[in-house]
Amino acid sequence: MNQRYALAKLISKFFNQHLPLQRGASPNTIIAYQDAFKLLFCFISKKTKRSCDEITLEDFDRDTIVAFLNDLEKTKKCTTSTRNARLAAISSFFKFVAYEEPTMLEQCSQIRGIPIKKTVKPIIQYYDESEMSALLKAIDTDTLLGKRDYALMLLLYNTGVRAQEVCDLTIDDVRLDNTAQVLIHGKGGKQRSCPLWSETVNAIKIYLTERSGNTEENQAMFLNNRSTILTRFGLRYIVRKYAEIASIKEKGIKRKTNGPHLIRHTTAMHLLRSGNDINMISMWLGHADIKTTHGYIELDIEMKREMLEKRRVNLPEKKRKMKPKWGKESVLSWLDSLVKPAALCGV
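For clarity, every value in this text was computed on a predicted model and none was experimentally measured.

1. Observations regarding the overall build of the protein
So, point 1. If you tally the helices and strands in the protein, you get 14 helices and three strands.
So, point 2. Per-residue burial for the protein yields a buried fraction of 39% across its 347 residues.
So, point 3. Put simply, of all contacts in the protein between residues at least 6 apart along the chain, 62% involve residues at least 24 apart.
So, point 4. Approximately 21900 Å² of the protein is accessible, and the part contributed by carbon and sulfur atoms is 54%.

What follows is the structure, given as structure tokens:
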């Protein structure tokens, strides 16, 4: 088979069928994978001095992929996390190629054997109760956008949804009756339901009553100021705007990486500190692997340890004076006293 045709066919099938249909990858994941391959094709094209449409499967070998990853860090100034994300996309593709083209199995195995680069585990940040309260109080609910933002922030805190999940919500996903809850469309096509606080329900009702664009043609839950669907970037701007206002009162907010995902961490930590079971928190957040949720437990234990260290009282140690059993007598005299008289022993 012509190698160029084989590569084009595999790339097309990987992005158009395998990722969306078989793996259930989200549109954002697919876009990220596409970006990784755009960069990789440009790198190989520059290295081989051939145009992208002349690249073949044989041009993808372990050394080339490693050189590409190193170039990302040195030339593009990408972080280690970004490097690992690009490697994940490439590894996923060659896992797919191994099934489709068994003759490429050895080459695919070598590429998939490239290890990820170790990264420093970041400390999980979250808002404490006073900071989260300041964030909500920073919103002016007298305006329509303020009503939207208040409902939005309460929903984020209530459910711990991801940024894309809240942007994908429709009016039909939310029940505002006695069994108030929201249906969340998570990663990989997975769905989960979260109950809603009465405060969240009231805020959403007020916003939906007053907003424009509430028609059958536009059923998105949250709209921007142009009455179109709110994007992740718009959501991040909103959270950062109120974080800036709230930081005037709560100085600690300025030291945090403010954004919608920080509110997700906040929900997790507040659920944990309220005594909720770790499995319930994992389902609440839509974690595919409970190991992800365990990161919050580790953080909580570390913080408790620090609290105990701060409250430790240095008690004076009482020195007990131990008098030797033999007192001032010699050891031999003391040993003699332990021997019973012969008369008492019946000898």
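2. Thoughts on the sheet that holds strand S2 (residues 181-185)
Hydrogen bonding along the main chain pairs the strands of a sheet, whether they run parallel or antiparallel.
So, point 1. Reading across from one edge, S1-S2-S3 is the order of the three strands in this open sheet, with antiparallel pairing throughout. The two strands at the open ends of the sheet, each matched to only one other strand, are strand S1 (174-175) and strand S3 (191-195).

3. Remarks on the side chain of Arg86
So, point 1. Note that Arg86 resides in helix H4 (residues 80-100).
So, point 2. Buried charged residue Arg86 carries no salt bridge. Nearest counter-charge: Asp35, at 5.0 Å.
So, point 3. Not counting residues within four places of it along the chain, the set of residues in contact with Arg86 comprises Ala32, Asp35, Ala36, Leu39, Leu69 and Leu72.

4. What to know about the confidence of the model for the protein
So, point 1. Taken over all residues, the pLDDT of the protein has a mean of 85, while the share at 70 or more is 80%.
So, point 2. Confidence drops under pLDDT 50 across residues 342-347; counting only partners more than four residues distant or on other chains, this segment forms two contacts.

5. Brief notes about the packing of aromatic side chains
So, point 1. Throughout the structure, instances matching the rule amount to 13 aromatic pairs.
So, point 2. Note on Phe37 and Phe93: the rings are 5.1 Å apart at their centroids and 75° apart in plane angle, and the pair reads as edge-to-face. Residue Phe37 is located in helix H2 (residues 27-48), and its partner Phe93 is located in helix H4; the two are separated by 56 residues in the primary sequence. Taken individually, Phe37 and Phe93 each receive the classification buried, so the pair is uniform in this respect.
So, point 3. Three or more aromatic residues joined by ring pairs make a cluster, and in this case those are Phe14, Phe15, Tyr33, Phe37, Phe41, Phe60, Phe93, Phe94 and Phe96.
So, point 4. The ring of Phe233 carries Arg232 above its face, with NZ or CZ at 5.4 Å from the centroid.

6. A look at the packing of H2 against H4
Between two packed helices, the angle of one axis relative to the other and the distance separating the axes together describe the packing.
So, point 1. With their axes 9 Å apart at the nearest point, H2 and H4 run at an angle of 90° to one another. Between H2 and H4, the interaxial angle falls into the category roughly perpendicular. The segment H2 lies against H4, with Ala32, Tyr33, Asp35, Ala36, Phe37, Leu39 and Leu40 engaging Arg86, Ala88, Ala89, Ile90, Ser92 and Phe93.
So, point 2. Classifying every residue of the contact of H2 with H4 by side-chain character gives 10 nonpolar, one polar and two charged.

7. A word on the environment of Phe222
So, point 1. Turning to its location among the elements, Phe222 is positioned in the loop between helix H9 (198-210) and helix H10 (232-246).
So, point 2. Placed 52 residues apart in sequence, Phe222 and Thr170 show a C-alpha to C-alpha distance of 7.9 Å.

8. Some details on the pairing of S3
So, point 1. Here S3 shows one buried face, formed by Arg192 and Cys194, and one open face, formed by Gln191, Ser193 and Pro195.
So, point 2. In this sheet, S3 lies alongside S2 in antiparallel orientation, the contact comprising five bridges. Bridge pairing in S3 links Ile184 to Arg192.

9. Description of the packing of helix H7 (residues 144-159) against H9
So, point 1. As a packed pair, H7 and H9 sit with axes 9 Å apart at the nearest point and diverge in direction by 150°. With respect to the hand of their crossing, H7 and H9 are arranged in left-handed fashion. Residues Leu144, Lys147, Arg148, Tyr150, Ala151, Leu154, Leu155 and Asn158 of H7 lie in contact with H9, whose contacting residues are Glu199, Thr200, Ala203, Ile204, Ile206, Tyr207 and Glu210.
So, point 2. Among the residues forming the contact of H7 with H9, the class breakdown is nine nonpolar, two polar and four charged.

10. Topic: unusual backbone geometry
So, point 1. A positive phi angle, close to 60°, is found at Lys49, a residue other than glycine.
So, point 2. Within the fold, Lys49 resides in the loop between H2 and helix H3 (62-74).
So, point 3. Even without being glycine, Ser227 reaches a positive phi, approximately 60°.
So, point 4. On the secondary structure map, Ser227 appears in the loop between H9 and H10.
So, point 5. Residue Ser227 is classed as partly exposed on the basis of its relative accessible area of 27%.

11. A word on the pattern of salt bridges
So, point 1. All told, the structure shown has 10 salt bridges when counted by the stated rule.
So, point 2. The salt bridge partner of Lys13 is Glu100, with a shortest N-O separation of 3.1 Å. With Lys13 in helix H1 (residues 3-22) and Glu100 in helix H4, this pair connects stretches of sequence that are 87 residues apart.
So, point 3. Notably, a salt bridge pairs Glu210 with Lys147, separated by 3.7 Å at the nearest N-O pair. Highlighted residues: Glu210 in helix H9 and Lys147 in helix H7, separated in sequence by 63 residues.

12. Considering the environment of Met283
So, point 1. Positionally, Met283 belongs in helix H12 (residues 278-285).
So, point 2. Assessed through its relative accessible area of 60%, Met283 is described here as exposed.
So, point 3. In this structure the C-alpha to C-alpha distance between Met283 and Ser193, which are 90 residues apart in sequence, comes to 9.3 Å.

13. Brief notes about the side chain of Lys256
So, point 1. Note on placement: Lys256 falls in the loop between H10 and helix H11 (260-273).
So, point 2. Ignoring any residue separated from it by four or fewer positions in sequence, one finds Lys256 in contact with Gln125, Tyr126, Tyr127, Glu131 and Leu262.

About the cut-offs
- Residues numbered from 1 in each chain as written.
- Predicted model: local features only at pLDDT ≥ 70, side-chain atom pairs only at ≥ 80, totals over all residues.
- Heavy atoms only, no water.
- Helix = DSSP H or I, 4+ residues; strand = E, 2+ residues; numbered from the N terminus.
- Buried < 20%, exposed > 50% of the residue type's maximum accessible area, 1.4 Å probe, protein only.
- Contact = heavy atoms within 4.5 Å.
- Areas by Shrake-Rupley, 256 points an atom, 1.4 Å probe, with all protein chains shown as cover.
- Pairing = 2+ DSSP bridges.
- Lys, Arg positive; Asp, Glu negative; His and termini not counted.
- Salt bridge = Lys/Arg side-chain N within 4 Å of Asp/Glu carboxyl O.
- pLDDT = per-residue confidence, 0-100.
- Phe/Tyr/Trp six-rings, centres within 6.5 Å; stacked < 30°, edge-to-face > 60°.
- Lys NZ or Arg CZ within 6 Å of the ring centre and 35° of its normal.
- Axes fitted to C-alpha atoms, helices over the stretch in contact; angles between N-to-C directions.
- Parallel < 35°, antiparallel > 145°, perpendicular 65-115°, else oblique.
- Nonpolar A, V, L, I, M, F, W, Y, C, P; charged D, E, K, R; others polar.
- Left-handed = near helix turned anticlockwise from the far one by under 90°.

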